[in-house]
Amino acid sequence: MMHEVSSWAPSFGEVVAGLHARGELVVQPRMGFGDPVRMRQGLLATRGARAASVGTITLDSYTRVGDHEAVRQAFAAEADLNGYPIVDHDPTVTGAMLDGVLTPSFPVQIRHGSADPRRIVRSLLDLGLHATEGGPVSYCLPYSRMPLAQAVENWRQTCETLAAAREHGSEPHLETFGGCMMGQLCPPALLVALSLLEGIFFWQHGLRCISFSYAQQTNFDQDEEAVAALQELIRQYVPYARTHVVIYSYMGVYPRTPGGALELLAQSARLAARSGASRLIVKTVAEGHRLPTVAENVAALEPAGDAAWGVTRKSEIIDTGIHAQAKAMVENVLSLDEDCGRALVIAFARGYLDVPFCLHPDNAGRTRGYLDEEGRLQWQRIGSLPIGGLVDPPAERRMSSGDLLGALQFIQWKFDQRYGTTNLVLDAGRDHRSRQREQGSIT
């Protein structure tokens, strides 16, 4: 039985579309707290921010992996959790937490990170909520050891359960996480292809309101090109859904100076505005040190909204091949089986999809990305990806530990150095790389 809030809970997709039509970028935190009182305070603070905001409830790591006994033990020990345990809190507790929070213009999305979100989705629907995120690939390969085929089946059932909520008068919304794979060092064409393929999977299993993710990477112009490619491919492959693009502020090693963090956040907001994205998932000045507070989350929403205000959409994009590479991967996968889920499993088994630096057993691990001199993410090795005629990887050279460290901390160093702070770990990595080029290599 659905909680009574369902009769007037706002539609996530409609709210975002309405704000986008008014020229406003929707900004959203990733906050989640185990304590219902604190979670409610966070949602109300988000709603009260001087920005076009929507709410987030991020779940705890035990709920993510289905360890509900550990949640109950945490309750008994009055231990703090790193997110909200929506499955194990009594529905009346969560209903009270949400009471008076939701409004026709303020929906809430549940974020979880689970390869098996079936109980999570049943719980959120019972509470009258109907917006969440993830995907069969993006919440399996980086976050679990579950076989990909099992995650695909779990997500098939999840999508069908969520889509059935339409019968009760609500339009469910599902966001892909495929455009955020590994957070960093994944060349943009693969992010675009994975985001799109997960959206096609959602469509095949009944969802009609879908958002497509893309995580800010290391070069602004390249990111603009990637989002333009994603927008075009959405129009081609998912033309009949209500869709929008959501940008994630940089998900890799974050600047440790407040100035560097705010400048990077502002750049992600401008990327969203210039590329026609509708929504931005923000990060805070605390990200380089610890989990942010409610106040720090709100303090990130407002400057992000300000940075995007008045920025016009870019009309001309220099094409360096991202669209062609992404489309080649998508077409290859869809040719393997008419069912997108089965096609995804086959594609990973054959290495036609292969995520750099991903250690999941179902990922071939034969691809590599690297940063060129302009900070663009390029292919160093393409394995069996079906893009051999579209890219020209450099001569094979083993990536040293210093190379990897420098790439991982490129953005942190780039933004922190402007504020008089050097990154000692990065500097040490550069010195080490020059001395030990052939040692500690990563193949």
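The residue numbering used here restarts from 1 in each chain and proceeds along that chain's sequence as written. Whole-chain, interface and lining totals are the exception, using all residues; otherwise, since this is a predicted model, local features are given only for residues with pLDDT of at least 70 and side-chain atom pairs are given and counted only at 80 or more. Each side-chain value is derived from all of the structure's non-hydrogen atoms; neither hydrogens nor water enter the calculation.

**Points about the overall build of the chain**
(1) Moving on: For the purposes of this entry, the term helix denotes a DSSP run of H or I that reaches at least four residues, the term strand denotes a run of E that reaches at least two, and both are numbered from the N terminus. Helix and strand counts for the chain stand at 16 helices and 10 strands.
(2) Moving on: By the compact-globule yardstick of 22 Å for 443 residues, the chain fits well, its C-alpha radius of gyration being 21 Å.
(3) Moving on: In terms of overall dimensions, the chain has a C-alpha envelope of 60 × 55 × 50 Å along the principal axes.
(4) Moving on: The 443 residues of the chain split such that 57% are buried. For this measure, only C-alpha atoms enter the radius of gyration; the expected value for a globule follows 2.2 Å times N^0.38, where N is the number of residues. Here the term buried applies to any residue with accessible area under 20% of the maximum for its type, exposed to any over 50%, and partly exposed to those in between, with areas from a 1.4 Å probe on protein chains only.

**With respect to the nonpolar core**
(1) Moving on: Of all hydrophobic cores here, the largest spans 121 residues; its most connected members are Ile57, Ile86, Leu196, Ile247, Leu353 and Val355.
(2) Moving on: The element best represented in this core is helix α8 (residues 188–204), accounting for 11 residues.
(3) Moving on: Residue contacts are defined here by distance: any two heavy atoms, one from each residue, within 4.5 Å place the two residues in contact. Those residues in contact with leucine 353, other than ones at most four positions away along the chain, are Leu190, Leu194, Leu197, Met329, Val333, Leu344, Ala347, Phe348, Asn363 and Leu385.
(4) Moving on: Residue types Ala, Val, Leu, Ile, Met, Phe, Trp, Tyr and Cys, when buried and joined through side-chain atoms within 4.5 Å, form a set referred to as a nonpolar core. Counting residues in each nonpolar core, the second largest holds eight residues, with Phe12, Ala52, Val54 and Ala131 among its members.

**Some thoughts on the packing of helix α9 (residues 220–237) against helix α10 (residues 258–275)**
(1) Moving on: To obtain an axis, a line is fitted to C-alpha atoms, over the contacting stretch when the element is a helix, and the angle between two such axes runs from 0 to 180 degrees between their N-to-C directions. In contact at an axis separation of 10 Å, α9 and α10 are set at 40° when each is read in the N-to-C sense. The angle between α9 and α10 falls in the class oblique. For the crossing formed where α9 meets α10, the hand is right-handed. Here α9 contributes Phe220, Asp223, Glu224, Val227 and Gln231 to the contact with α10, which in turn contributes Gln267, Arg270, Leu271, Arg274 and Ser275.
(2) Moving on: Side-chain classes are defined by residue name, with Ala, Val, Leu, Ile, Met, Phe, Trp, Tyr, Cys and Pro counting as nonpolar, Asp, Glu, Lys and Arg as charged, and the others, Gly among them, as polar. Across the contact of α9 with α10, the residue classes tally to three nonpolar, three polar and four charged. Here roughly perpendicular refers to angles of 65 to 115 degrees, roughly parallel to angles under 35, roughly antiparallel to angles over 145, and oblique to all remaining angles. By convention, the crossing between two helices is left-handed when the near helix turns anticlockwise from the far helix through less than a right angle, and right-handed when the turn is clockwise.

**Regarding helix α2 (residues 36–47)**
(1) Moving on: Each residue after the first adds 1.5 Å to the expected span of a helix. Taking 1.5 Å as the rise per residue, α2 with 12 residues should run 16 Å; its terminal C-alpha atoms sit 16 Å apart, in good agreement.
(2) Moving on: For α2, the set of buried residues is Pro36, Met39, Gly42, Leu43 and Thr46. Seen along its axis, α2 keeps its buried residues to an arc of 120°; they face one direction.
(3) Moving on: Of the surrounding elements, those touching the buried residues of α2 are β2 (55–58), α5 (91–98), β3 (108–111) and α11 (294–308). Taken from the helix axis, the directions to the C-beta atoms give the arc we talk about.

**Things to note about the packing of helix α6 (residues 118–126) against helix α7 (residues 148–163)**
(1) Moving on: The contact between α6 and α7 brings their axes to 9 Å, and the two run at 10°. By the angle class used here, α6 and α7 are roughly parallel. Counted together, Arg118, Val121, Arg122 and Leu125 of α6 and Asn154, Gln157, Thr158, Thr161 and Leu162 of α7 form the full contact between these two elements.

**Looking at the confidence of the model for the chain**
(1) Moving on: pLDDT measures the predictor's confidence residue by residue and takes values from 0 up to 100. Confidence in the prediction of the chain, expressed as mean pLDDT, is 91, and 92% of residues score 70 or more.
(2) Moving on: Considering only residues more than four positions removed or in separate chains, one finds that residues 422–443, a stretch of pLDDT under 50, has 37 contacts.

**With respect to the side chain of asparagine 363**
(1) Moving on: For asparagine 363, the location among the structural elements is in the loop between α13 (340–350) and β9 (367–371).
(2) Moving on: Its relative accessible area of 7% is what places asparagine 363 among the buried residues.
(3) Moving on: Whenever two N or O atoms come within 3.5 Å, that pair is a polar contact, provided that in protein one can donate a hydrogen and the other can accept it, and provided that, for residues adjacent in sequence, both atoms are side-chain atoms. For asparagine 363, the side chain forms a polar contact with the side chain of aspartate 354, separated by 3.2 Å.
(4) Moving on: With residues up to four places along the chain from it excluded, the contact list for asparagine 363 reads Leu141, Phe348, Leu353, Asp354, Val355 and Cys358.

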